[in-house]
Amino acid sequence: MLTLHHLNDSRSQRILWLLEELGTPHEIKRYQRNAETRLAPPELAKIHPLGKSPVITDGDTTIAESGAIVDYIIRRYGKGAMMPAPGSADYEAYNEWLHYSEGSAMLPLMLNLYVSRLKEAGAPLHPRIDSELANHLGYVDGALKGREFFVGPSLTGADIQMSFVGEMAKVFGKLEPYPNLAAWLGRMHARPAFQRSIEKGGPYRFA
């Protein structure tokens, strides 16, 4: 059976959401962050050398990158759901969003997180970070204008992947200028499968 190695308050929440949307049988192995450092426990490094979450194990297969996990689960267990047909124009857009989430959009959000911890020492970096946040969040907001989902007429892995971007922006108080993104995130969090993922995964401060 597929096992999700689930770290609290982490990107693995969206994998649990995906599994709930698909109804894929799975096991959850739970890991708890250190209350002081917020780091993952060393036990995760026994599953994958990076010691990060999400990680899935499925038989002899171990995958530790969010986009690759979403892609694998949908291809292996989705039965044609939650992704456009390969080769279609929608598929190329879908694939781009899968990579964009972590490859581009998360960088200024993570910089904002870490530089904020520097307090006054990080002040010179904030104008550039804020500029990049506006660039990326504005792009995402524009892509959602008039759309219920990122790609096509129904939920796909692109929405799963992009959820953490919206959640981080919300936590940082950056969503107000981006009504399309804010409304989309509200719709995603209202989905029954997302609510079930919170019930099963435990408290999630980004919801």
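Residues numbered from 1 in each chain as written. Predicted model: local features only at pLDDT ≥ 70, side-chain atom pairs only at ≥ 80, totals over all residues. Heavy atoms only, no water.

**Q** So what exactly am I meant to see when it comes to the pairing of strand β1 (residues 2–7) here?
**A** Two faces, one strand: in a regular strand the side chains alternate between the faces of the sheet. Judged by how many residues are buried, β1 sits mostly within the fold: six of six residues are covered. By the alternation rule, side chains of β1 split into Leu2, Leu4 and His6 and Thr3, His5 and Leu7, which are all buried. Of the pairings in the sheet, the one linking β1 to strand β2 (residues 26–31) comprises six bridges and is parallel in character. Residue pairing for β2: Leu4 is matched across the bridge by Ile28. In this fold, the crossover linking β1 to β2 by way of helix α1 (residues 12–22) has right-handed handedness. Bridging between β1 and strand β3 (residues 55–58) involves three bridges; their strand directions are antiparallel. Counted as the bridge partner of Leu4 is Ile56 from β3. (Buried < 20%, exposed > 50% of the residue type's maximum accessible area, 1.4 Å probe, protein only. Helix = DSSP H or I, 4+ residues; strand = E, 2+ residues; numbered from the N terminus. Pairing = 2+ DSSP bridges. Right-handed = clockwise from strand over helix to strand, strands pointing away.)

**Q** What exactly am I supposed to notice about the pattern of salt bridges here?
**A** Pairing between side chains becomes possible if they bear opposite charge and their charged atoms approach one another. Enumeration according to the criterion identifies nine salt bridges in this entry. Here Arg191 ties to Glu21 by a salt bridge, and the two come within 2.7 Å at their closest N and O atoms. Here Arg191 is found in the loop between α6 (179–190) and α7 (192–201), whereas its partner Glu21 is found in helix α1, with 170 residues between them in sequence. With a relative accessible area of 23%, Arg191 lands in the partly exposed category. Under the relative-accessibility criterion, Glu21 is labelled partly exposed at 22%. A salt bridge links Arg75 to Asp71; the nearest nitrogen and oxygen atoms lie 2.9 Å apart. Of this pair, Arg75 and Asp71 both sit in helix α2 (residues 66–77), separated by four residues, roughly a single helical turn. According to the relative accessible area criterion, Arg75 is exposed, its value standing at 52%. Salt bridges sharing partners connect three or more residues here, namely Arg11, Arg14 and Glu102. (Salt bridge = Lys/Arg side-chain N within 4 Å of Asp/Glu carboxyl O.)

Purely geometric numbers; function is a separate question.
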